[in-house]
Amino acid sequence: QVQLVESGGGLVQAGGSLRLSCAASARALSSYVMGWFRRAPGKEREFVASISWSIGSTVLADSVKGRFSISRDNAKATVYLQMNSLKAEDTAVYYCAARDPRSLRFDYWGQGTQVTVSS
């Protein structure tokens, strides 16, 4: 059973930074695509970023380009989301997810971590 555990959320002032971590329980994920999503109050869940665990290629949503970055540490089986220049509209619950590269659907999800940006 794959488990994803997020950490690193919290309260930060606008313009500040946070780094979220997603620890994966299974080494089998080494071939997977890892993603970060977020859901703000009253809004749909939206894609934030993804990274291919094997080759490290990344994709970022337009709304976070230039401010967020995604990376992974294979030895620690952990994916990171570095968030800089945070804005009030980044306030959301952030979720880590994983999908088989042959699929478009993210099948594994973490429990989420709250990020609150005060203006």
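Treat the numbers as computed from the prediction; the structure is a model and nothing was measured.

1. Quick word on the nonpolar core
Judged by nonpolar contacts, the single largest core of 32 residues is most densely connected at Leu-4, Met-34, Trp-36, Leu-81, Met-83 and Tyr-94. At the level of elements, strand E3 (18–24), strand E4 (33–39), strand E5 (46–52), strand E7 (68–73), strand E8 (78–83), strand E9 (92–99) and strand E11 (113–118) are the ones that each hand at least two residues to this core. Those residues in contact with Met-83 that sit more than four places away from it in its chain are Gly-16, Ser-17, Leu-18, Leu-20, Arg-67, Phe-68, Tyr-94 and Val-115.

2. Examining the state of the cysteines
Such a bond, covalent and formed between the sulfur atoms of two cysteines, is termed a disulfide. Summed over all chains, the structure comprises one disulfide. With a sulfur-sulfur separation of 2.0 Å, Cys-22 is cross-linked through a disulfide to Cys-96. Across the disulfide from Cys-22 to Cys-96, rotation about the S-S bond amounts to roughly -75°, and the bridge is consequently left-handed. Of this pair, Cys-22 sits in strand E3 while Cys-96 is found in strand E9, placing the two residues 74 residues apart along the sequence.

3. Some points on the sheet that holds E7
Spatial strand order, E1-E3-E8-E7: four strands in an open sheet with antiparallel pairing. Edge positions in the open sheet fall to strand E1 (4–7) and E7, since each of these has one partner strand only. Neighbour-to-neighbour, the strand axes of the sheet open up by a mean angle of 15°, direction not taken into account. Note: E7 against E8, six bridges, orientation antiparallel. Residue pairing for E8: Ile-70 is matched across the bridge by Leu-81.

4. Section: the pattern of salt bridges
Per the counting criterion, the structure on display carries six salt bridges. One salt bridge connects Arg-67 with Asp-90, and the closest N-O pair in it is separated by 2.7 Å. You can see Arg-67 sitting in the loop between strand E6 (58–60) and E7 and its partner Asp-90 sitting in the loop between E8 and E9, a full 23 residues away along the chain. Given a relative accessible area of 11%, Arg-67 falls into the buried group. Residue classification places Asp-90 among the buried residues on the basis of a relative accessible area of 0%. A salt bridge links Asp-100 to Arg-102; its shortest N-O distance comes to 2.7 Å. Given the relative accessible area of 14%, Asp-100 is considered buried. According to the relative accessible area criterion, Arg-102 is exposed, its value standing at 78%.

5. What to know about the pairing of E3
In the case of a regular strand, side chains alternate between the two sheet surfaces. Counting buried positions over the seven residues of E3 gives five, a clear majority of the element. Direction of pairing for E1 relative to E3: antiparallel, over a ladder of four bridges. Each residue of the ladder has a partner; that of Ser-7, found in E3, is Ser-21. Where E3 meets E8, six bridges bridge the pair, whose relative direction is antiparallel. Bridging across to E8, Arg-19 finds its partner in Gln-82.

What counts and how
Numbers given to residues run from 1 along each chain, matching the order in which its sequence is written. At least 70 in pLDDT is required for a residue's local features to be given in this predicted model, at least 80 for side-chain atom pairs to be given and counted, and no such filter applies to totals for whole chains, interfaces and linings, which use all residues. Values reported for side chains reflect all heavy atoms of the structure, with hydrogen atoms and water molecules removed beforehand. Put simply, a nonpolar core is a bunch of buried Ala, Val, Leu, Ile, Met, Phe, Trp, Tyr and Cys residues held in one set by side-chain atoms that sit within 4.5 Å of each other. Burial here depends on accessible area, computed with a 1.4 Å probe over protein chains only, as a share of the maximum for the residue type. Under 20% is buried, over 50% is exposed, and the range in between is partly exposed. To qualify as a helix, a DSSP run of H or I must reach at least 4 residues; to qualify as a strand, a run of E must reach at least 2; elements of each kind are numbered from the N terminus. In what follows, a contact means two residues having at least one pair of non-hydrogen atoms within 4.5 Å. When the sulfur atoms of two cysteines come within 2.5 Å, that pair is taken as a disulfide. Two strands pair if DSSP finds at least two bridges between them. Note on definitions: angles span 0 to 180 degrees between N-to-C directions of axes, and those axes are lines fitted to C-alpha atoms, for helices only across the stretch in contact. One speaks of a salt bridge when a side-chain nitrogen belonging to Lys or Arg is within 4 Å of a carboxyl oxygen belonging to Asp or Glu.

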